[in-house]
Amino acid sequence: MPDSPFIKDVPAAQALAAWRAAREAAGCPERLSAVTVPVAEAAGLVTAAPVWAVRSSPPFDAAGMDGIAVRAADTLGASETTPEWLSPGAYDVVDTGDPMPDGRDAVVMREHVHYDDVGRAELRAAVSPYQHVRSIGEDVSAGELLLPEGHRLRAVDLAAAAAAGQPQLTVRRKALVFIIPTGDEVRPIGTEPGPGEILDTNSLMLAEQAREAGCEAQVLPIEPDDPARIAAAVQAAAPRCDLLIVIAGSSAGRDDYTARVVAAEGTLAVHGVAVRPGHPVVLGVVGRTPVLGAPGYPVSAALTFDIFAVPLLAELSSAPPRQRPRVAARLARKLASPLGMDDWVRVRLGAVGGSLVATPLPRGAGVLTSLVRADGLLVVPAGVEGHHAGSSVSVELLRGPDEIAGTIVAIGSHDLVLDLASSALRADDPLVTLASSNVGSLGGLVALRDGLCHIAGSHLLDPETGEYTLPYLDRVFGGARPDVAVVRLVERSQGLIVAPGNPLEIEGLADLRRPGVRYVNRQRGAGTRVLLDVMLGKLGITPSSVEGYAREEPTHLAVAAAIASGRADAGMGIMAAARAFGLDFVPLAVEPYDLVVAPGAMESPQLAPLWSLLQSDRFKASVEELGGYSTKDMGRRLRLGFPVVGSVAPWDPGGGLDRGRSSGSSPGPTAAGSAPRPTAVSSGRPGRAPRMRWSSRSARTARWAAARTSSSRTRRSSRSRATPTRR
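Quantities reported herein were computed from a predicted structural model and do not represent experimental measurements.

1. Quick word on the overall build of the protein chain
Turning to step 1, where the next piece is worked out: Per the secondary structure count, the protein chain includes 17 helices and 41 strands.
Turning to step 2, where the next piece is worked out: Sequence separation of 24 or more characterises 76% of the internal contacts of the protein chain that already satisfy a separation of 6 or more.
Turning to step 3, where the next piece is worked out: When the accessible area of the protein chain is evaluated, it comes to approximately 31,000 Å², of which 54% is carbon and sulfur surface.

Below, the structure is given as structure tokens:
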């Protein structure tokens, strides 16, 4: 078998043209064969011949209303002051759809007719000829073209065809798509994968995409990374289908055989397309059947089907591809893109300030959830390096406008409570979505300032004042201090996430300097990163002395995942993330996590469901179940939604409300002020890092943290290491 051809960067349009030329040269059918099916079974199929009416609809003059059929001439002169009386022989009672009696040419609605004791009908208004009468052929006349060839049949088309006397229709049969998954590590869905094994989810996804495109799909058995086995499977499958998809093995690695097999068994038209993700795609022909080699990464596989399979299947059925609507949106953050490739970017959409905002999702080819959560697709052309934040872009919609209109856009720091709130809001109302993008607290405040989101999650610690978030508002928004509100979401426990059982006996930040302890950090601008830097500074620990300080992850869960996989030994994060992965947790501090609300959005109907949720005892209980959270001040407004003059008074956790009580329209009790100021104290062990605790003015918070810590250590020896079920 020849070596695999070198992967090239062929533009998508050129690749489609080359594939079409290869199909023509191999004699592949240009169209699917025509079949005749009952009209009731033709929905979604494409007409293979024109549909002509063989009878008129309606087939006779019919009454269009319930009432009486009359001669219009007999009603002339009728009015409120001079009514006309028709004898029983001068009218006929009819119902809607009845044939018009001979000699009658109009219908008077039943509610406009009054009768006397001898059955005469009183009319107080004249009617015109053919008033409330459906003339023969009003809908369609016999011999008229009803539907053209190449029309995808809808429910209304079937009804019209049946009314026009067509009990059967000539249509293109459904295309048959065969899918061959490959890979030594791939296992069928329903089995338990072992180390290094993955489930065959790509076949499930591609088969459903084919069915959504109006095809029949069949998944064949998984083939190992054996070129002879793959070649035999391709040889057997190609003559029996209209499109053959081979999953994985499309790149240029030592176990990538798809391109070699296609080249050996037929014609290889393209290997490598200038599309990201989806670059190592294979396009060719075996026998008289088109073959698509889809990359093994799920996002690449899904987009490859959209870009290459959908146009081919539309050509075979002689119908245009189904087009998704497009909208204009502003980009929520800067988007870099490599030159030379069409970059397909998945985005979340939401209406902010009267326009749509598109927030890019994670772009890895293996991040299938980026398609799950996507509201649209943004294509950055090959000759464009990207877009700046706030740029206007064109987005192809994956979801309906009604769903997008109800989306609350959150940008900023990551927290599991936002994920929980998103699920709870959707459960209460399917048209309400909370879409969060994790760029760090500072990035969220900048996005809020630029009008690119409704709320920004923040827990930024100011090292000089010890206050959270509030000091940053002046820096980000300027001295004008616009109509920005701050609402307390939770207080949460921050600490070091470590492996189960804490095998390295990590008890504080000082242990991060020990040789062999690998740290995983949060990204710049994240509140957790700021907190870490402040605490390291108090201990005199330089970042360069911490192995792995430069390694960054975007979320608490990503930090926990790195530790659970053994790629790191410790990372700062929230207790809930540690519990989600069955990891241990060394508490260091309790901090507030707040929602900063865009100017004018506090009282908007769009955010009303969120404020209602924050008052729900059921939701608060579900948050507490995550571990490491206090919801006692959830929903409290810490900063009013209008400019504040002068200094901000400290928050009194004892319950006293400072000046600026709201008028009652806020989501909860109102207080202006800052979070408690952390204080470093010794852990009592020489050489160990001091623990962060709250000062005496936060006694209640400190007691809560201590109770949480004690409870956590009590459970540590007995709890299961499996990931707990979160509600």
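So, next bit.
2. Remarks on the nonpolar core
Turning to step 1, where the next piece is worked out: One finds L496, L509 and F619 to be the most contacted residues of the largest nonpolar core, which totals 89 residues.
Turning to step 2, where the next piece is worked out: No other element matches the eight residues that strand β33 (residues 485-498) contributes to this core.
Turning to step 3, where the next piece is worked out: I245, L283, L316 and L377 belong to the second-largest nonpolar core, a separate cluster that totals 38 residues.

3. A few points about the packing of aromatic side chains
Turning to step 1, where the next piece is worked out: Throughout the structure, instances matching the rule amount to one aromatic pair.
Turning to step 2, where the next piece is worked out: Aromatic pair Y91 and Y115: ring centres 6.1 Å apart, planes at 50 degrees, arrangement tilted. With Y91 in the loop between β6 (84-86) and β7 (92-94) and Y115 in strand β9 (residues 113-115), this pair connects stretches of sequence that are 24 residues apart.
Turning to step 3, where the next piece is worked out: Classification of Y91 by relative accessible area gives buried; the value is 11%.
Turning to step 4, where the next piece is worked out: By relative accessible area, Y115 is classed as partly exposed at 45%.
Turning to step 5, where the next piece is worked out: Between the NZ or CZ atom of R475 and the centre of the ring of Y472, over which it lies, the distance is 4.6 Å.

4. Comments concerning the pattern of salt bridges
Turning to step 1, where the next piece is worked out: Here the structure, examined in full by the defined rule, presents 36 salt bridges.
Turning to step 2, where the next piece is worked out: Several salt bridges converge on common partners, so that one network encompasses R488, E491, D594, K632, D633 and R636.

5. Comments concerning unusual backbone geometry
Turning to step 1, where the next piece is worked out: That bond from S57 to P58 is cis: its omega, -5 degrees, falls within 30 degrees of zero.
Turning to step 2, where the next piece is worked out: Mapped onto the fold, P58 is located in the loop between β3 (51-52) and β4 (62-63).
Turning to step 3, where the next piece is worked out: Between R276 and the following residue, P277, the backbone shows a cis peptide bond with an omega angle of -5 degrees.
Turning to step 4, where the next piece is worked out: Residue Y130 is not a glycine yet carries a positive backbone phi of 65 degrees.
Turning to step 5, where the next piece is worked out: One non-glycine residue with positive phi stands out, namely S318, at about 60 degrees.

6. Focus: the packing of helix α9 (residues 416-428) against helix α16 (residues 617-626)
Turning to step 1, where the next piece is worked out: Relative to each other, α9 and α16 sit at 140 degrees, their axes nearing to 11 Å. Judged on the interaxial angle alone, α16 and α9 are oblique. Where α9 crosses over α16, the two elements pack in a sense that is right-handed. Contacts between α9 and α16 pair L416, V417, L420, A421 and A424 from the former with F619, S622, V623 and L626 from the latter.
Turning to step 2, where the next piece is worked out: Looking at the contact of α9 with α16 residue by residue, the classes come out as eight nonpolar, one polar and no charged.

7. Observations regarding the pairing of strand β25 (residues 342-352)
Turning to step 1, where the next piece is worked out: Summarising burial for β25: nine of the 11 residues are buried, a large majority.
Turning to step 2, where the next piece is worked out: Direction of pairing for strand β20 (residues 275-276) relative to β25: parallel, over a ladder of two bridges. Looking at β25, one finds that V275 is bridged to D342.
Turning to step 3, where the next piece is worked out: Sheet topology note: the β25/strand β27 (residues 376-380) ladder contains five bridges and is antiparallel. Residue pairing in the sheet places V347 in a bridge with G376 of β27.
Turning to step 4, where the next piece is worked out: When β25 meets strand β26 (residues 355-360), the two strands line up antiparallel, connected through six bridges. Bridging from a neighbouring strand, V352 pairs with S355 of β26.
Turning to step 5, where the next piece is worked out: Where β25 folds back onto β26 in an antiparallel hairpin, the turn is made up of two residues, including G353, whose phi is positive at roughly 60 degrees.

8. Overview of α16
Turning to step 1, where the next piece is worked out: Taken as a whole, α16 has its buried residues at F619, K620, S622, V623 and L626. Seen from one end, α16 has its buried residues packed into an arc of 160 degrees, which puts them on one side. In α16, the exposed positions angled more than 90 degrees off the buried face are occupied by D617 and R618.
Turning to step 2, where the next piece is worked out: Turning to α16, the residues buried within the fold contact α9, β33, α14 (575-580), α15 (608-614) and β38 (629-630).
Turning to step 3, where the next piece is worked out: With a side-chain oxygen positioned 3.3 Å from the backbone nitrogen of R618, the residue opening α16 is S616.
Turning to step 4, where the next piece is worked out: Where α16 ends, the next residue or the one after it, G627, has phi of about 95 degrees, a positive value.

9. Some words on the sheet that holds strand β2 (residues 46-47)
Turning to step 1, where the next piece is worked out: One open sheet holds the three strands; their spatial order is β1-β13-β2, and the pairing between them is antiparallel. If you trace the sheet from one side to the other, it starts and ends with β1 (34-38) and β2, each paired once.
Turning to step 2, where the next piece is worked out: Examined bridge by bridge, β2 and strand β13 (residues 168-172) share two bridges and lie antiparallel to one another. Looking at the pairing, V46 lines up with R172 of β13.

10. Digging into the side chain of Q166
Turning to step 1, where the next piece is worked out: Locating Q166 in the fold gives a position in the loop between α2 (155-163) and β13.
Turning to step 2, where the next piece is worked out: When residues no more than four places from it in sequence are discounted, the contact partners of Q166 are V39, V51, W52, V54 and A161.

11. Overview of the packing of helix α1 (residues 12-26) against helix α6 (residues 298-317)
Turning to step 1, where the next piece is worked out: Running from N to C, α1 and α6 cross one another at 45 degrees; their axes reach a closest spacing of 11 Å. When the axes of α1 and α6 are compared, the pair comes out oblique. At the point where α1 passes α6, the crossing takes the right-handed sense. The segment α1 lies against α6, with A12, A15, L16, W19, R20 and R23 engaging I307, F308, L312 and E315.
Turning to step 2, where the next piece is worked out: Each residue belonging to the contact of α1 with α6 can be placed in one class, and the counts come to seven nonpolar, no polar and three charged.

12. Digging into α1
Turning to step 1, where the next piece is worked out: Over its 15 residues, α1 runs 21 Å from end to end, which matches the ideal 21 Å to within 8%, given 1.5 Å per residue.
Turning to step 2, where the next piece is worked out: Among all positions in α1, only A12, A15, W19, A22 and R23 are buried. Each buried residue of α1 sits inside an arc of 100 degrees when the element is viewed along its axis, so together they form one side. Turned more than 90 degrees off the buried face of α1, the exposed positions are A13, E24 and A25.
Turning to step 3, where the next piece is worked out: Two residues or fewer after α1 comes G27, characterised by a positive phi angle close to 75 degrees.

13. Quick word on the pairing of strand β14 (residues 176-181)
Turning to step 1, where the next piece is worked out: Most of β14 is tucked away, with five of its six residues classed as buried.
Turning to step 2, where the next piece is worked out: Pairing analysis gives five bridges linking β14 to strand β18 (residues 243-247), with the strands arranged parallel. Note that in β18 the partner of F178 across the bridge is L244.

14. Digging into the sheet that holds β6
Turning to step 1, where the next piece is worked out: Here we have three strands laid out as an open sheet, ordered β6-β10-β9, and antiparallel in their pairing. Single-partner strands in this sheet number two, and they are β6 and β9. The sheet shows a mean angle of 35 degrees between the axes of neighbouring strands, taken without regard to direction.
Turning to step 2, where the next piece is worked out: Sheet topology note: the β6/strand β10 (residues 121-123) ladder contains three bridges and is antiparallel. Bridging across to β10, E84 finds its partner in L123.

15. Details of the environment of I68
Turning to step 1, where the next piece is worked out: The topology assignment puts I68 in strand β5 (residues 67-70).
Turning to step 2, where the next piece is worked out: In sequence terms I68 and V94 are 26 residues apart; their C-alpha atoms lie 5.5 Å from each other.
Turning to step 3, where the next piece is worked out: Among all residues touching I68, those that are not within four sequence positions of it are Y91, D92, V93, V94, A106, V107, V108, V113, Y115, A121 and L123.

Parameters and conventions
Residues numbered from 1 in each chain as written. Predicted model: local features only at pLDDT ≥ 70, side-chain atom pairs only at ≥ 80, totals over all residues. Heavy atoms only, no water. Helix = DSSP H or I, 4+ residues; strand = E, 2+ residues; numbered from the N terminus. Contact = heavy atoms within 4.5 Å. Areas by Shrake-Rupley, 256 points an atom, 1.4 Å probe, with all protein chains shown as cover. Core = buried A, V, L, I, M, F, W, Y, C linked by side-chain atoms within 4.5 Å. Buried < 20%, exposed > 50% of the residue type's maximum accessible area, 1.4 Å probe, protein only. Phe/Tyr/Trp six-rings, centres within 6.5 Å; stacked < 30°, edge-to-face > 60°. Lys NZ or Arg CZ within 6 Å of the ring centre and 35° of its normal. Salt bridge = Lys/Arg side-chain N within 4 Å of Asp/Glu carboxyl O. Axes fitted to C-alpha atoms, helices over the stretch in contact; angles between N-to-C directions. Parallel < 35°, antiparallel > 145°, perpendicular 65-115°, else oblique. Left-handed = near helix turned anticlockwise from the far one by under 90°. Nonpolar A, V, L, I, M, F, W, Y, C, P; charged D, E, K, R; others polar. Pairing = 2+ DSSP bridges. Arc of directions from axis to C-beta. Polar contact = N/O pair within 3.5 Å; in protein donor to acceptor, adjacent residues only side chain to side chain. Expected span 1.5 Å × (residues − 1).

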